[in-house]
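# Notes for the structure review
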Amino acid sequence: MLRTILSITGKPGLFKIVSQGNRMLVVEDVITKKRVPVHSRDKVVSLGDISMYTMGDDKPLSEILELVREYAKGEKLDYKGMDNDTLRTTFGEILHDFDRDRVYPSDIKKLFSWYNILTESGMTEFVEKAEEAETPAEESAEA
């Protein structure tokens, strides 16, 4: 699901791909449902391609969003008044082994902002069912 959700540099919020054209995309704001064109010169990143640094392997954004949802009990997360130390402490409760040297407070704020936008738009499942089905098989193969 997160593969079709985009972050576009210079535009606030998150967008869902509606269609593709020649050197452009038509996207829809996940909250307002307003459609806008995105040209090839715009920097676009799919949320499905993003991961965060941990002390071990990088963790996909879908798994982190799922951890945030569990921490917030499915509700929006109030992070606006938090200072940098409080942000890091709160995120440390969510993801214990995040790399404190390479994950900046601005990254945490963006993550919490994206979580709130996705929650407000009604998206509550961040890990795709196919990924969940593959995970136990991979674990048993490694054992």
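About the cut-offs
The numbers attached to residues start from 1 for each chain and follow its sequence in the written order. At least 70 in pLDDT is required for a residue's local features to be given in this predicted model, at least 80 for side-chain atom pairs to be given and counted, and no such filter applies to totals for whole chains, interfaces and linings, which use all residues. As a rule here, side-chain values come from all non-hydrogen atoms in the structure, and water together with hydrogens is ignored. Strands here mean DSSP runs of E at least two residues long; helices mean DSSP runs of H or I at least four residues long; both are numbered from the N terminus. Here, two residues are considered to be in contact whenever any of their heavy atoms come within 4.5 Å of each other. Within this document, salt bridges are pairs made up of a side-chain nitrogen of Lys or Arg and a carboxyl oxygen of Asp or Glu, the two lying within 4 Å of each other. Categorising residues by exposure relies on relative accessible area from a 1.4 Å probe, with only protein chains included: less than 20% of the type maximum marks a residue as buried, more than 50% marks it as exposed, and the intermediate range marks it as partly exposed. Note on pairing: two strands pair once DSSP finds at least 2 bridges between them. One less than the residue count of a helix, multiplied by 1.5 Å, gives the span that helix is expected to have.

## Description of the side chain of Asp99
Relative to the assigned elements, Asp99 resides in the loop between helix H2 (84-94) and helix H3 (105-120). Here Asp99 is in contact with Tyr53, Thr54 and Met55, once residues within four sequence places are set aside.

## Observations regarding the pattern of salt bridges
As enumerated under the stated definition, the model contains 6 salt bridges in all. Close ionic contact of Glu28 with Arg35 constitutes a salt bridge, the shortest N to O distance being 3.3 Å. Here Arg35 falls in the exposed class, since its relative accessible area comes to 52%. We note a salt bridge from Glu66 to Arg69, for which the minimum N-O separation is 2.2 Å. In this pair, Glu66 and Arg69 both sit in helix H1 (residues 61-72), 3 residues apart, roughly one turn of the helix. Its relative accessible area of 12% is what places Glu66 among the buried residues. Here Arg69 falls in the partly exposed class, since its relative accessible area comes to 23%.

## A look at the pairing of strand E4 (residues 35-39)
Residues Val36 and Val38 point to one face of E4 and are all buried, whereas Arg35, Pro37 and His39, pointing to the other face, are not buried. Bridge analysis of strand E3 (residues 24-29) against E4 gives 5 bridges, and the strand direction is antiparallel. Each bridged residue has a counterpart across the sheet, and for Val26 the counterpart in E4 is Pro37. Taking the residues that link successive antiparallel strands as the turn, the E3-E4 hairpin has 5 residues, and the phi of Lys33 there is positive, at about 65 degrees.

## What about H3?
Taking 1.5 Å as the rise per residue, H3 with 16 residues should run 22 Å; its terminal C-alpha atoms sit 22 Å apart, in good agreement. The set of residues buried in H3 consists of Pro105, Ile108, Leu111, Phe112, Trp114, Tyr115, Asn116, Ile117, Leu118 and Thr119. Of the surrounding secondary structure, the elements contacted by the buried residues of H3 are strand E1 (5-8), strand E6 (51-52), H1 and H2. Just downstream of H3, Gly122 is the residue with a positive phi angle, here 95 degrees.

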